[in-house]
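# Observations on the three-dimensional arrangement
Here's the letter readout for the chains.
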Amino acid sequence: AGAARAKGLTLHVDPAPDAPDTLSGDPTRLTQALLNYMDNAIKFTPSGSITLSARVEAADAEGVLMRFEVRDTGIGIPEADRARLFSPFTQGPHSITRRHGGLGIGLSNTREIARLMGGQAGVDSAPGQGSTFWFTARFARPQ
């Protein structure tokens, strides 16, 4: 939140109202995945807002599949560049990433975290219209 405020960005949080109060999972991995997405959103959003949201995708007696999204009003990503973003050590166009820095491992790490937590990761974006980076993760119901 501090980095977003320092850039003059508005941060919104939209929690999942239908999520169970208690779930069992890996809070360290979840935090790392969300931080990876938030860091990128802050880097590539010169003005506007960032929204972190969560919702229940599916639920059964054993657990819940949650979907987490980080939506920004940033520069957006051309379709040709989206497919390779989640590959290790790969970044977007050099003219953009050179200005913003980074190693190109955060998105591939987030995809792996999602996979390890029984989910997937992806992005929806258009140049000049911002991006929505999302991932899903499965959580068990506590016994």
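This text goes with the structure placed above it.
Below or above, wherever it landed, is the structure these notes cover. (Residues numbered from 1 in each chain as written. Predicted model: local features only at pLDDT ≥ 70, side-chain atom pairs only at ≥ 80, totals over all residues. Heavy atoms only, no water.)

Glancing now at helix α5 (residues 106-116). Taken together, the buried positions of α5 are Leu 107, Ser 108, Thr 110, Ile 113 and Ala 114. Taken together, the buried residues of α5 touch α2 (27-43), β4 (121-125) and β5 (131-140). Immediately beyond the C-terminal end of α5, within one or two residues, lies Gly 118, with a positive phi of roughly 80°. (Buried < 20%, exposed > 50% of the residue type's maximum accessible area, 1.4 Å probe, protein only. Helix = DSSP H or I, 4+ residues; strand = E, 2+ residues; numbered from the N terminus. Contact = heavy atoms within 4.5 Å.)

Let us look at the sheet that holds β4. Spatially, β1-β2-β3-β5-β4 is the arrangement adopted by the five strands of the open sheet, whose pairing is mixed. The open sheet has two edge strands with one neighbour each: β1 (10-14) and β4. Neighbour-to-neighbour, the strand axes of this sheet turn through a mean angle of 20°, independent of strand direction. Pairing of β4 with β5 involves five bridges; the strand directions are antiparallel. The partner of Val 123 across the bridge, within β5, is Phe 133. Relative to β5, α2 is tilted by about 175°, and along the sheet it contacts β1, β2 (49-59), β3 (63-72), β4 and β5. (Pairing = 2+ DSSP bridges. Axes fitted to C-alpha atoms, helices over the stretch in contact; angles between N-to-C directions.)

End to end, α2 covers 24 Å across 17 residues, agreeing with the expected 24 Å (1.5 Å per residue, within 8%). The complete set of buried residues in α2 reads Leu 30, Ala 33, Leu 34, Asn 36, Tyr 37, Met 38, Asn 40, Ala 41, Ile 42 and Lys 43. The residue sitting at the N-terminus of α2 and contributing the capping side-chain oxygen is Asp 26; that oxygen lies 3.1 Å from the backbone nitrogen of Thr 28. (Expected span 1.5 Å × (residues − 1). Polar contact = N/O pair within 3.5 Å; in protein donor to acceptor, adjacent residues only side chain to side chain.)

For the rest of this paragraph, the subject is the packing of aromatic side chains. Within this structure, the stated rule accounts for five aromatic pairs. Ring geometry for Phe 68 versus Phe 139: centroids 6.3 Å apart, planes at 75°, classification edge-to-face. Taken together, the positions of Phe 68 in strand β3 and Phe 139 in strand β5 put the pair 71 residues apart, joining distant regions of the chain. For the pair Phe 68 and Phe 139, one class covers both residues: buried. (Phe/Tyr/Trp six-rings, centres within 6.5 Å; stacked < 30°, edge-to-face > 60°.)

Attention shifts here to the side chain of Arg 82. Counting through the fold element by element, Arg 82 comes out in helix α3 (residues 79-82). The charged side chain of Arg 82 is buried without a salt bridge, its nearest counter-charge being Glu 79 at 4.2 Å. Here Ser 125 takes part through its backbone oxygen, which lies 2.5 Å from a polar atom of the side chain of Arg 82. If near-sequence neighbours (up to four positions away) are discounted, Arg 82 is found in contact with Ile 77, Val 123, Ser 125 and Ala 126. (Lys, Arg positive; Asp, Glu negative; His and termini not counted. Salt bridge = Lys/Arg side-chain N within 4 Å of Asp/Glu carboxyl O.)

Taken by themselves, the reported measurements are silent on function.
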